[in-house]
Amino acid sequence: MTGVVPGAQPGRKPTDEWAFLLPPGWARFPAGPEHAGAAGTTPGVVYLPTEPVAGMAVPASITETEILGDRRADPAVVAADVLGTGYTVSGPVDLDGRPGARLTNTVHDVHREGDRPTVSTRQVAYVVLRDEADGDWLVLTFSTSWSSRGTERLAETLVEFFDAVMATFRWRGPGADPVHLPERRVPGSV
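Residues numbered from 1 in each chain as written. Predicted model: local features only at pLDDT ≥ 70, side-chain atom pairs only at ≥ 80, totals over all residues. Heavy atoms only, no water.

Digging into the packing of aromatic side chains
Right, so step 1: One pass over the structure, following the stated rule, counts 6 aromatic pairs.
Right, so step 2: One aromatic cluster is present, built from ring pairs that chain together Trp18, Phe169 and Trp171. (Phe/Tyr/Trp six-rings, centres within 6.5 Å; stacked < 30°, edge-to-face > 60°.)

What about the environment of threonine 144?
Right, so step 1: With respect to the secondary-structure elements, threonine 144 resides in strand S9 (residues 136-146).
Right, so step 2: Given a relative accessible area of 3%, threonine 144 falls into the buried group.
Right, so step 3: For threonine 144, the residues in contact, after removing those within four places along its chain, are Pro59, Ala60, Ser120, Thr121, Arg122, Ala155, Leu158 and Val159.
Right, so step 4: At a separation of 2.6 Å, a polar atom in the side chain of threonine 144 contacts the main-chain carbonyl oxygen of proline 59. (Helix = DSSP H or I, 4+ residues; strand = E, 2+ residues; numbered from the N terminus. Buried < 20%, exposed > 50% of the residue type's maximum accessible area, 1.4 Å probe, protein only. Contact = heavy atoms within 4.5 Å. Polar contact = N/O pair within 3.5 Å; in protein donor to acceptor, adjacent residues only side chain to side chain.)

Some details on the pattern of salt bridges
Where charged atoms from two side chains of opposite charge approach closely, those side chains can pair.
Right, so step 1: What the rule picks out here adds up to 5 salt bridges.
Right, so step 2: Among the ionic pairs, aspartate 131 bridges to lysine 13, the shortest N-O distance being 3.3 Å. Of this pair, aspartate 131 sits in strand S8 (residues 119-131) while lysine 13 sits in the loop between strand S1 (2-4) and strand S2 (17-19), and the two are 118 residues apart along the sequence.
Right, so step 3: One salt bridge connects arginine 102 with aspartate 163, and the closest N-O pair in it is separated by 3.0 Å. Highlighted residues: arginine 102 in strand S7 (residues 98-110) and aspartate 163 in helix H2 (residues 149-167), separated in sequence by 61 residues.
Right, so step 4: If you follow the salt bridges from partner to partner, you end up with Lys13, Asp131 and Asp134 in one network. (Salt bridge = Lys/Arg side-chain N within 4 Å of Asp/Glu carboxyl O.)

Some points on unusual backbone geometry
Right, so step 1: Positive phi is not limited to glycine here, since alanine 54 has a value of about 55°.
Right, so step 2: Among the structural elements, alanine 54 can be located in the loop between strand S4 (43-49) and strand S5 (60-67).
Right, so step 3: Taking relative accessible area as the criterion, alanine 54 reaches 84% and is therefore assigned exposed.
Right, so step 4: Notably, aspartate 96 is not glycine yet its phi reads approximately 50°, a positive angle.

Thoughts on the side chain of threonine 104
Right, so step 1: With respect to the helices and strands, the residue threonine 104 is situated in strand S7.
Right, so step 2: The buried category is assigned to threonine 104, whose relative accessible area is 18%.

Let's talk about the nonpolar core
Right, so step 1: In terms of nonpolar packing, the biggest core is built from 23 residues, with Phe162 and Phe169 touching the most fellow members.
Right, so step 2: At the level of elements, S4, S5, strand S6 (88-95), S8, S9 and H2 are the ones that each hand at least two residues to this core.
Right, so step 3: Top contributing element to this core by residue count: H2, with 5 residues.
Right, so step 4: Excluding residues that lie within four positions of it along the chain, phenylalanine 162 makes contacts with Ile62, Val124, Tyr126, Leu140, Thr141 and Phe142.
Right, so step 5: Grouped together as the second largest cluster of nonpolar side chains are 11 residues, Val82, Leu103, Leu129 and Val139 included. (Core = buried A, V, L, I, M, F, W, Y, C linked by side-chain atoms within 4.5 Å.)

Structure follows, in C-alpha cells:
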C-alpha cells in the first residue's frame, strides 16, 4: 500500500510518498473531511481487512493521517493533538531513516448500549517526523478490539502483525531508495 502527501508540489522530497506491505485481504479506503480529528486533521486513508480469516472477521483497522506545519519536536505531543490523551510512548522508532515514536493506548471494558458485549480496545500509533523545516508529520494508527480471553490473544497477535507491517515501511518520493540497496557500479565505469 502506498501513501502520498495531499497537494504535493513540484520540488518534492523523498518523504512525500511512502509504502508498506499488507497481506491480501486488506483494502485502502479514502476518508473525507467529515472524519476530521480533534486538531482539525483529516485521516487521508483508512485500511481495513475485507476478507475473513478462518471464517472470522478481523477486528482491526489502520488509519493514515498527515499533520502539516507543526514544528514541535516531540512526537508524543503531536500524537496527543491528533489522537487525544491516554497514549504512552513505548519507544523511539526509526521509519526508514526518519525519527519518530511508537505509542500505545489500551482501554478496558468499554461498555456499549444494548446487547453488545463489553469490549477492550488497543491502539498503536507510529508518529514520524517527515520534514523538520516544514514541520510535517505522518501518523499511522492501528486499532483492534476484543471481548473475551480468546479474542484478546487474537488482538495481541494483530498488534504484532501491525509492528511487522511497519517494519516494511519505506519512503518512495523522489530520490528515495525504497529498498536501501547500495549503488552498484559496473567495473570500468566512471
